[in-house]
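# Working through the structure, step by step
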Amino acid sequence: MEDLKTDPEIPGREIAVAAEALYLANLMLIPGLGFIALVALWWQQRHKAPPLAHDHLRQTLAASVWAGALLVLANAAILLTGGYQAAATWVVVILYFTLCHSTLIFCGAIGLARALAGKTFRFPLIGPR
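Read on for an overview of the structure. As the structure is a prediction and not an experimental result, all values here were calculated from the model.

What follows is about a nonpolar patch on the surface. Where nonpolar side chains cluster on the molecular surface, the patch consists of M28, L29, I30, L33 and I36 and spans about 540 Å² of accessible area. With respect to the helices and strands, the residue L29 is situated in the loop between helix 1 (13-28) and helix 2 (33-45).

Summed over the entire model, instances satisfying the criterion amount to 4 aromatic pairs. Between the aromatic rings of Y96 and F97, the centroid separation amounts to 5.2 Å while the plane-to-plane angle is 80°, which identifies the pairing as edge-to-face. A centroid spacing of 5.1 Å and a plane angle of 70° characterise the contact between F121 and F123, whose relative ring orientation is edge-to-face. In terms of burial, F121 and F123 fall into one category: buried. A connected cluster of aromatic rings, assembled from ring pairs, spans Y23, F121 and F123. In this arrangement the basic side chain of R46 is found over the ring face of W43, its NZ or CZ atom lying 3.7 Å from the centre.

Below, the discussion takes up the nonpolar core. Counting residues in hydrophobic clusters, the biggest one holds 10 residues: Y23, L24, L27, A63, A67, L104, C107, F121, F123 and I126. With 3 residues, the single largest contributor to this core is helix 1. Leaving out residues up to four positions away in the same chain, F123 has contacts with E20, Y23, Q59, T60, A63, L104, C107 and G108.

Basis of the calculations
- Residues numbered from 1 in each chain as written.
- Predicted model: local features only at pLDDT ≥ 70, side-chain atom pairs only at ≥ 80, totals over all residues.
- Heavy atoms only, no water.
- Patch = residues over 30% accessible without salt bridge, like charges linked within 9 Å, V, L, I, M, F, W, Y side chains within 5 Å.
- Areas by Shrake-Rupley, 256 points an atom, 1.4 Å probe, with all protein chains shown as cover.
- Salt bridge = Lys/Arg side-chain N within 4 Å of Asp/Glu carboxyl O.
- Helix = DSSP H or I, 4+ residues; strand = E, 2+ residues; numbered from the N terminus.
- Phe/Tyr/Trp six-rings, centres within 6.5 Å; stacked < 30°, edge-to-face > 60°.
- Buried < 20%, exposed > 50% of the residue type's maximum accessible area, 1.4 Å probe, protein only.
- Lys NZ or Arg CZ within 6 Å of the ring centre and 35° of its normal.
- Core = buried A, V, L, I, M, F, W, Y, C linked by side-chain atoms within 4.5 Å.
- Contact = heavy atoms within 4.5 Å.

Treat this as a map of the structure, not an account of what it does.
So this is what it looks like as structure tokens:
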């Protein structure tokens, strides 16, 4: 049987995986706390992170800010269409979760897979170049 060789550890992979996991935790498990932890990780690693980690930290932080902005826009749309008691509220909520939130989670899952593989990832449309 042929020996299986493992690749040498990819510099920054652990930080990249942590950034993507915190991004997903912010969206799904612990909103707000996940963002604070992601900002803290970015603050701690911003000058010394290897290129892979720097890329994932930058992408997840930008995507988290976009996610927050989209949430604020959804709430503004609810308020402009008659408030939380109006029938249009559910239309806005369903559209937000179907189009925005699920897309952000899907991209985060792809980003996590890429980080685990030691590859970079750019969020489509919202990711910085």
